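Close look at the chain arrangement
Listed below, chain by chain, are the residues.
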Amino acid sequence: MQTTLLINLSYTVAAVLFIFGLKLLGSPATARRGNTISALGMLLAVVITLLDQAIVDYRWILLGMVIGTAVGAFTARMVAMTAMPEMVALFNGFGGIASLMVGWVALAQPGLTTFLLLTIFLSILIGGVTFTGSLVAWGKLSEKLPGRPILFHGQRLVNGALLLANFACGAMFIFNPEQGLWLYLAVVLSATLGVMTVIPIGGADMPVIISLLNSYSGLAACAAGFAINNNILIVAGSLVGASGIILTNIMCKAMNRTLGNVLFSGFGAVDESGGKIEGEVTALSAEDAYYVLEAAQSVVVIPGYGMAVAQAQHVVKELQELLEKNGCEVAYAIHPVAGRMPGHMNVLLAEADVPYDLLLEMDDINPRMETFDVAIVIGANDVVNPAARETPGSPIYGMPIINADYARSVFVLKRSMASGFAGLDNPLFYRKNTRMIFGDAKETLSRLVREFST
Amino acid sequence: MDLVYLTFILILSIFLGFELIQKVPATLHTPLMSGANAISGITLVGALAGAGSDGSALTVLLGTMAVAFATINVVGGYLVTDRMLAMFKKKNVNK
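First, a word on scope: everything that follows refers to the structure included in this document. (Residues numbered from 1 in each chain as written. Chains lettered and ligands numbered in written order. Predicted model: local features only at pLDDT ≥ 70, side-chain atom pairs only at ≥ 80, totals over all residues. Heavy atoms only, no water.)

Within chain A, the regular secondary structure consists of 17 helices and 6 strands. Over its C-alpha atoms chain A spans a radius of gyration of 25 Å, differing by no more than 12% from the 22 Å that the globule rule assigns to 454 residues. Oriented by its inertia axes, the alpha-carbon framework of chain A measures out at about 75 × 50 × 35 Å. Within chain A, buried positions represent 57% of all 454 residues. Within chain A, contacts between residues at least 6 apart in sequence are counted, and of these 78% link residues at least 24 apart. Accessible surface computed for chain A: about 18400 Å², of which carbon and sulfur atoms make up 64%. For chain A, the distance from the average position of its 26 positive side-chain charges to the average position of its 32 negative side-chain charges is 3 Å. (Helix = DSSP H or I, 4+ residues; strand = E, 2+ residues; numbered from the N terminus. Rg over C-alpha atoms; globule rule 2.2 N^0.38 Å. Buried < 20%, exposed > 50% of the residue type's maximum accessible area, 1.4 Å probe, protein only. Contact = heavy atoms within 4.5 Å. Areas by Shrake-Rupley, 256 points an atom, 1.4 Å probe, with all protein chains shown as cover. Lys, Arg positive; Asp, Glu negative; His and termini not counted. Charge placed at Lys NZ, Arg CZ, Asp CG, Glu CD.)

Residues and elements named next belong to chain A. The element strand S2 (residues 329–334) is largely enclosed, with a buried count of 5 among its 6 residues. Sheet analysis places strand S1 (residues 298–303) next to S2, joined by 4 bridges and oriented parallel. Residue pairing across strands places Ser-298 opposite Glu-329, the latter belonging to S2. Following the backbone out of S2, through helix H14 (residues 344–351) and into the adjacent parallel strand S3 (residues 359–361), one traces a crossover that is right-handed. (Pairing = 2+ DSSP bridges. Right-handed = clockwise from strand over helix to strand, strands pointing away.)

Let us look at the packing of aromatic side chains. On inspection of all chains with the given rule, the structure shows 6 aromatic pairs over all chains. Note on Phe94(A) and Phe69(B): the rings are 5.0 Å apart at their centroids and 50° apart in plane angle, and the pair reads as tilted. In this pair, Phe94(A) sits in helix H4 (residues 84–106) while Phe69(B) sits in helix H4 (residues 57–85), so the two residues belong to two different chains. Taking the relative accessible area as the measure of exposure, Phe94(A) reaches 13% and is therefore buried. Aromatic ring contacts, followed pair by pair, group Phe91(A), Phe94(A) and Phe69(B) into a single cluster. (Phe/Tyr/Trp six-rings, centres within 6.5 Å; stacked < 30°, edge-to-face > 60°.)

Along the chain, the position of Thr27(B) falls in the loop between helix H1 (2–22) and helix H2 (29–40). On the accessibility criterion, Thr27(B) (9% relative accessible area) is buried. When near neighbours in sequence (up to four residues on either side) are disregarded, Thr27(B) contacts Asn346(A), Tyr356(A) and Phe88(B).

Listed per partner, the contact involves 100 residues of chain A and 80 residues of chain B. Each partner contributes to the roughly 7800 Å² buried at the junction of chain A and chain B, and carbon and sulfur atoms together form 75% of this total. Linking chain A with chain B are 2 salt bridges. Here Asp353(A) ties to Lys89(B) by a salt bridge, and the two come within 3.1 Å at their closest N and O atoms. With 17 residues, helix H9 (residues 231–254) of chain A is the largest single contributor of residues to the side of chain A that touches chain B. Its residues assigned to classes, the side of chain A that touches chain B comprises 65 nonpolar, 26 polar and 9 charged. (Buried area = accessible area lost by both parts, 1.4 Å probe. Salt bridge = Lys/Arg side-chain N within 4 Å of Asp/Glu carboxyl O. Nonpolar A, V, L, I, M, F, W, Y, C, P; charged D, E, K, R; others polar.)

Where helix H8 (residues 206–227) of chain A meets H2(B), the closest approach of the two axes is 9 Å, and the angle between their N-to-C directions is 20°. By the angle class used here, H8(A) and H2(B) are roughly parallel. The interaxial crossing formed by H8(A) with H2(B) has left-handed handedness. Note on element contacts: H2(B) touches H8(A) through Met33(B), Ala36(B), Asn37(B) and Ser40(B), opposite Ile210(A), Ser211(A), Asn214(A), Ser217(A), Gly218(A) and Ala221(A). Here the contact of H8(A) with H2(B) is composed, by residue class, of 4 nonpolar, 6 polar and no charged. (Axes fitted to C-alpha atoms, helices over the stretch in contact; angles between N-to-C directions. Parallel < 35°, antiparallel > 145°, perpendicular 65-115°, else oblique. Left-handed = near helix turned anticlockwise from the far one by under 90°.)

Functional significance is not addressed by these values, which are geometric in nature.
Structure, rendered in structure tokens:
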């Protein structure tokens, strides 16, 4: 009894540490401390659980922990900042499968009630969907699977039927827990559902789905908490669940789409009724771009996923320093869905030592876009597409964008005229004040840096 | 009674989570996500009981695997978040 009390008191302390940790994540100045505090909470919760009298054998725990620590520490140390989205996706999945297994193990406890069986089923369902869904997301993000949406006829019908089958199987499981068949079927069905949910999601929608899976991994832990009657799992799990839902919502808003639309409609049905784009594409050499930049008083850099692909963040920072030395003001405009996960660009630029107070959000930069002499668009496309503002027939119409076209001149660094992930043509490229600088973004920026240095 | 009590905790934590996360600026969304991910590794606490029990071989096997997966989540999540956050610097610091 004494140990149970001690364990539960420590769980309360751990919960407080998690909450403080998340609170400190509210500002870049305190965020690192917040993360450490949250980790201390986790350490406390794990160490105190080991005192539990139900644990009689520590060998297997040790084995699991040694393997987990080795893999986790190695991955965390080695992963490139550009590969962060796929790593987070994979870790989400691991959280999901762990909760599924915890739910499964909970079946062995005596005195199963209908409610406990329901929560066990839910941990298996959510955990399974999180696991396979995250694996598919990981495959798409790391380009091991095609990034395009995979669609087929009657997809919604199949997915609806699958969901129904899942619930039916759940009901059978709850009323016949002694038959192993329903348990195995629940595992298989939830795993299938996870795959089917994520395959129709395209590359550009990844920030939404990765946030959603993040939320699911929390909810799975929450369900497992109910299954084993453990309050710290419920508290921590629902904090994560809420966090994921908020991020999902922010991402959806930034694309002017509802979650249902992202999940079910496999973006990309392009409506060509928007009319022809007027104007001509004007190319510019890096050398000529240098003369414009040398004379510029203010420059705004608008990065997108292309910057990550080209690994151009360090040379961007070099250019920023040279411009600043030249008496020019430099700012960065970050769209909420730039990149493949929320905040991806900020991390890449932080890696290149760009101070975070230069990174401005869309709503802060748009009102003063007219005052910038040059806007440099690096590997971004849909997030600066004026069709979102002007062409009612466009699939991205209504999406909030960074109004790059309002700057006095716009340089677009792009490999070729190929369209963005949404598969749309971008009227920005045809504007009078736009100059296209073709080629690898990193290469172009290096040439600009060389011009400045000589 | 347990059910009511646990649901009570659930509802309050969800509201608390909404309040806390709403205040996180867009700059920190990636570290927030990987940090939250590490917290979801709390399921490790549940896995320990299975891996350390004297139950059936299946229970121990599932428990051990769950411990391994959840530990990857916890250790990897916290370390990578720390690595990212260490890079965030304010302008006047380096001058």
